[in-house]
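Listed below, chain by chain, are the residues.
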Amino acid sequence: MNKDQTQFDAYPDEGPLGAADPELEALLRDAFDAPPVPRTLLKRLDQVVQQEWGVSPQLAGRSGDRWHRSLWKGVHRLRGFPMAAALAAVVLIAAIFYSGSNSYAWAKMLKAVAEQGVIELRGPDGIRWLSLSEGILGERSGESASLLDVRRRTILVKKPGNPSAARYSLEDSTSQQESDLFVRFLAGEGVGTGGDNVNVVSKAKVVSESWRRSGEDILLQVKLAGNSQKFDLNLYLDPKSHLPTRYEFTTEGEQKVAKSLDYPQTTVAELQERDFPASLPIVDAEGGDAEVLVAETMLEVDPTPDSGDANPRLAAVDATSPNLPIESEDLEAPLPFVDAPAKWRPVTVHSRETEETVQEIGSILAALWKEQGIQPVEPASDEELLRRVYIDLAGRTPSVHEVRAYLKDTSPDRYERLVERLLASPDHASHLAAVWRTFLIPEGVDLSAFGGIQAFDKWLAERFGSGDSYDAVVRDLLLAEGRLSKSGPLLFYSAVKLDPDQLASRTARVFLGMRLECAQCHDHPFEPWKQEDFWGFAAFFARISRPQAALETVSTVMRVRDIDRGEVKMPVFETVVEPKFLDNSTIPETRKESARRHQLAEWLTSAENPYFARATANRIWGHLFGKGIVDPIDDFGTQHQPKSPELLDLLAGHFISSGFDLRELFRVIVLSEPYQLSSGANETNEVRTDSFAQMNVKTLTAEQVYDCITVATMLDPMGPTNPYDFEVSRFGNTDRERFLQQFRTPAGRSTEYQGGIPQALTLMNGTLIGGATDLERSGLLKSLEAPFFTNEQRVEVLYFATLSRRPTESESEVLREYLPKGAKGDALREPLADLLWALLNSAEFTMNH
């Protein structure tokens, strides 16, 4: 044990915090190898702690390892005081600029329940159980049993004395969302035993949440609303597992008795076999027992449109096994998404001008909001929208001069002109390249021997910047040839080791929006894709030159080219599978002699392909809104229906009619009214964000965080002569690459914060912010010493640079007292450095509102 470790471990357990946490201390000790917090903040920490508790950790006068050890001494000395207050002192300035955001306790709880397996609720009349991960809700009372499978859209009902079980199919009125299913599970026992209460609560949506400690538990308080009624749900969570142990419902002002929840050590398969054994005959229902079904299952079922009776909208199914997916051939639907993807029709294309499509987007969603009784939020402020569109289209915040130029512009078309400038900028092309690379190249793949991921980004940026159509870019990627050492598009093949199965799964996800790999080893468990479908798709990549054996690595001397031999075989059976398109269309006679990759590329990028344009439109929408029209964005199929099929096909059709112009697709979306709505960051409503009546708050990617800090800390706050003559350096920047290695987040998760303590400390104490706020090195802080700046102007520059807005009146009032009048040199730069550090570390800076 070294000397520093002895210092850390030398303090006995004391105070309300109890025993020390050696793992946390070790983690933080390692993290303190980064540059320290600004010394001026340490002085204030000493002062605040001294004022509050009469003892100071004396941090400001120490340096290097002595400061690290002293900080820990101070921490242990303060164990007798409220630790939250001590930590609050460290971020005293940052707290001024705090922007509220969800704690995500509800989402964490749902995730924990899904991962747990089975949750059970016992009552005097029977047992109710739920598996969120499999979307199955079951109930048993004596010899009666019922089971709802929302993914297969079926209800099974077994009654006493009946030698068979009845099966019903559900239409699309029953939600598949985990949140809705969990509320339905609780409502069945917590509100009543059937009838109107259950139906109302089942349809209720989460509108707000908060949490606090309650004894040894976490009390999660959730407000639900539906059918003009409101409900309060209190869940008591285990603080370690996030699992609820009991809950209470409050409805119509009446407090209900708390119910306990259990987690049995059993599987869904065992529960299904207990209530519906494989030997039990399954009979399709004729509809006569519908009222009994509602009473016994306590599930949400809509009444038949033309009848006053409470009959459910149920359709008979033809299968004889409860585990088979339901076909929907007899259902009438204006759009193809009810059917299996193999039966989807091509997109219907209507030629529309940009303005027409922009207006139609707003009209479709306005009708959806009216139908669902949703009131959209107010439009975003000029400053909020400005920052959002810069981050979404250019991957960075606007510079100080860009903010000023936009806010001074009073022309009615200033936003439209800004969108055009951003879409034509090099920053848009390089940002889009980084976004697409995260989808195409698996995380963690080492491509340094092939030129690194920057070589791939450069190729994509050049293609996106040239204005080439998206279908042409995809074809060139799929048909890339040459030695792997040439980098560029060949990195797509290098990253997956030329494996036909990996190429097939990656291509299907990115360009068709489908997780076809789930059918690689067996038939897809939730979608009607067969194993033959996957391998038929993979067969298009079978005739590429590569060694026959499985490759652990690939070499730069290997060459990608089409050859006339090579097949894929079904696992286990070793059956050769011929190439087959996913929509079961046939290969044209004129193309049968072409190389297989050419056949695939032509089909995949065709306007007749039912998936390509829809998947691209959904991916762009998800990038801009933080959530796709189909969500997840890469899981098209019967299980995830579009929030608005009309909207999805409108965008896909416009994309095709534009000649697969990505810029045009971005243009019509960001010019639409829904995109320009506020995020209402302090009051996020899940119902509104799910329906795009409120903008989601999105986390910045690692690339965006770095580029935003770079822009915020530029040397000259007055800007160049041309306010828009600016672009960030994204290629050949080694400091940027080092930062990205520590800060990367998974693709497609823009509404979930994926970082942790190492990322937070990298941001707070890393060299990037350390240099930007250093009194001797920061060009921005030195430039603000110019005598023609007032303190109000200096503060405005820092706010424009970081948050792209002016300070609020309350913030200005606090900062007027904080910045000394007439100060010069370090006396001026020190509080400015503290302010800049706090702004860069605020929640508002690292989020896209």
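Residues numbered from 1 in each chain as written. Predicted model: local features only at pLDDT ≥ 70, side-chain atom pairs only at ≥ 80, totals over all residues. Heavy atoms only, no water.

**Remarks on the overall build of the protein chain**
1) Next: Regarding its fold elements, the protein chain presents 34 helices and 20 strands.
2) Next: Put simply, the protein chain shows about 38000 Å² of open surface, and 49% of that area lies on carbon and sulfur atoms. (Helix = DSSP H or I, 4+ residues; strand = E, 2+ residues; numbered from the N terminus. Areas by Shrake-Rupley, 256 points an atom, 1.4 Å probe, with all protein chains shown as cover.)

**Some thoughts on the pairing of strand 4 (residues 144-149)**
A regular strand places its side chains on the two faces of the sheet in alternate fashion.
1) Next: Buried residues dominate strand 4, accounting for 6 of its 6 residues.
2) Next: Neither face of strand 4 is exposed, since S144, S146 and L148 on one face and A145, L147 and D149 on the opposite face are all buried.
3) Next: Bridging between strand 3 (residues 136-141) and strand 4 involves 6 bridges; their strand directions are antiparallel. Note on strand 4: the bridge partner recorded for L137 is L148.
4) Next: Remark: 2 residues form the turn of the hairpin made by strand 3 and strand 4, two consecutive strands paired antiparallel; G142 in that turn has positive phi of roughly 60°.
5) Next: Pairing analysis gives 5 bridges linking strand 4 to strand 5 (residues 154-158), with the strands arranged antiparallel. The partner of D149 across the bridge, within strand 5, is T154.
6) Next: The loop that links strand 4 with its antiparallel partner strand 5 comprises 4 residues; one of these, R153, has a positive phi angle of about 60°. (Buried < 20%, exposed > 50% of the residue type's maximum accessible area, 1.4 Å probe, protein only. Pairing = 2+ DSSP bridges.)

**Structural notes on the pattern of salt bridges**
1) Next: Following the criterion strictly, the structure yields 45 salt bridges and no others.
2) Next: A salt bridge links R614 to D649; the nearest nitrogen and oxygen atoms lie 2.7 Å apart. Taken together, the residues R614 in helix 23 (residues 612-625) and D649 in helix 24 (residues 645-657) connect sequence positions 35 residues apart. Judged on exposure class, the residue R614 and its partner D649 are both buried.
3) Next: Beyond isolated ion pairs, a larger network of salt bridges with shared partners links R396, E402, D427, D707 and R730. (Salt bridge = Lys/Arg side-chain N within 4 Å of Asp/Glu carboxyl O.)

**Some details on the side chain of R387**
1) Next: Note that R387 resides in helix 13 (residues 382-394).
2) Next: Of the side chains bearing the opposite charge, E844 lies closest to the buried R387, which forms no salt bridge; the N-O distance is 6.2 Å.
3) Next: A polar side-chain atom of R387 sits 2.7 Å from the main-chain carbonyl oxygen of M847.
4) Next: The residues touching R387, leaving out its near neighbours within four places in the chain, are T397, P398, T802, L803, S804, E844, F845, M847 and N848. (Lys, Arg positive; Asp, Glu negative; His and termini not counted. Polar contact = N/O pair within 3.5 Å; in protein donor to acceptor, adjacent residues only side chain to side chain. Contact = heavy atoms within 4.5 Å.)

**A look at unusual backbone geometry**
1) Next: The amide bond that connects D631 to the next residue, P632, takes the cis arrangement and shows omega of 5°.
2) Next: If you trace the backbone, P632 turns up in the loop between helix 23 and helix 24.
3) Next: A positive phi angle is found at L498, which is not glycine, with a value near 65°.
4) Next: If you trace the backbone, L498 turns up in the loop between helix 19 (491-495) and helix 20 (500-512).
5) Next: Since its relative accessible area comes to 1%, L498 is described here as buried.

**Re the packing of helix 20 against helix 21 (residues 531-538)**
1) Next: Closest axis-to-axis distance for the helix 20/helix 21 pair is 8 Å, and the angle between their directions is 100°. With respect to each other, helix 20 and helix 21 are oriented roughly perpendicular. Contact residues: helix 20 offers P500, D501, A504, S505, T507, A508 and L512, while helix 21 offers F534, W535, F537 and A538. (Axes fitted to C-alpha atoms, helices over the stretch in contact; angles between N-to-C directions. Parallel < 35°, antiparallel > 145°, perpendicular 65-115°, else oblique.)

**A short note on the packing of aromatic side chains**
1) Next: Under the counting rule described, the total for this entry stands at 21 aromatic pairs.
2) Next: Here Y470 and F655 contribute two aromatic rings whose centre-to-centre distance is 6.2 Å and whose plane-to-plane angle is 45°, an arrangement assigned as tilted. On the criterion of sequence distance, the pair formed by Y470 in helix 18 (residues 470-478) and F655 in helix 24 is long-range, its members being 185 residues apart. The same class applies to Y470 as to F655, namely buried. (Phe/Tyr/Trp six-rings, centres within 6.5 Å; stacked < 30°, edge-to-face > 60°.)

**Remarks on the nonpolar core**
1) Next: Core analysis: the biggest nonpolar cluster contains 153 residues, and W436, F464, Y470, F511, W621 and L651 have the highest contact counts within it.
2) Next: Discounting residues that sit within four places of it in the chain, W436 has contacts with L460, F464, Y470, R619 and I620.
3) Next: Grouped together as the second largest cluster of nonpolar side chains are 38 residues, A114, L220, V222 and L237 included. (Core = buried A, V, L, I, M, F, W, Y, C linked by side-chain atoms within 4.5 Å.)

**What to know about the environment of N584**
1) Next: Relative to the helices and strands, N584 resides in the loop between strand 18 (576-577) and helix 22 (596-604).
2) Next: Between the alpha carbons of N584 and K343 there is a distance of 8.3 Å; along the sequence they are 241 residues apart.

**Some remarks on the confidence of the model for the protein chain**
1) Next: Taken as a whole, the protein chain shows an average pLDDT of 76; of its residues, 71% reach a score of 70 or greater.
2) Next: Confidence drops under a pLDDT of 50 for residues 26-36, and excluding neighbours within four residues, the segment shows 17 contacts in the predicted structure.
3) Next: Throughout residues 716-721 the model reports pLDDT below 50, and contacts reaching past four residues in sequence, or to other chains, amount to 13 contacts. (pLDDT = per-residue confidence, 0-100.)

**Things to note about the pairing of strand 3**
1) Next: Of the strand pairs in this sheet, strand 2 (residues 126-131) and strand 3 are connected by 5 bridges, and their pairing is antiparallel. Bridge pairing links S131 to I136 in strand 3.
2) Next: Between strand 2 and strand 3, which pair antiparallel in sequence order, lie 4 residues; one of them, G135, sits at a positive phi of approximately 65°.

**Overview of the environment of T267**
1) Next: Topologically, T267 is positioned in the loop between strand 12 (259-260) and helix 10 (268-275).
2) Next: By relative accessible area, which is 39% here, T267 ends up partly exposed.

**Observations regarding the packing of helix 17 (residues 452-466) against helix 18**
1) Next: Here helix 17 crosses helix 18 at 150°, and the two axes come no closer than 10 Å. If you check the angle between helix 17 and helix 18, you find them roughly antiparallel. The two elements helix 17 and helix 18 cross, and the hand of that crossing is right-handed. Residues F456, W459, R463 and F464 of helix 17 form the contact with helix 18, whose own contacting residues are Y470, A472, V473, D476 and L477.
2) Next: Residues that form the contact of helix 17 with helix 18 fall into these classes: 7 nonpolar, no polar and 2 charged. (Left-handed = near helix turned anticlockwise from the far one by under 90°. Nonpolar A, V, L, I, M, F, W, Y, C, P; charged D, E, K, R; others polar.)

**So, helix 12 (residues 354-372)**
Helical geometry: 3.6 residues make up each α-helical turn, so side chains three or four residues apart lie on a common side.
1) Next: If you check helix 12, its first and last C-alpha atoms are 28 Å apart, about what 19 residues at 1.5 Å a residue would give, namely 27 Å.
2) Next: For helix 12, the set of buried residues is T354, T357, V358, I361, G362, I364, L365, L368 and W369. The buried residues of helix 12 occupy one face: seen down the axis, they fall within an arc of 160°. Those residues of helix 12 that are exposed and aimed more than 90 degrees away from the buried face are E355, Q359, K370 and E371.
3) Next: Considering only its buried residues, helix 12 is in contact with helix 23, helix 24 and helix 25 (662-670). (Expected span 1.5 Å × (residues − 1). Arc of directions from axis to C-beta.)

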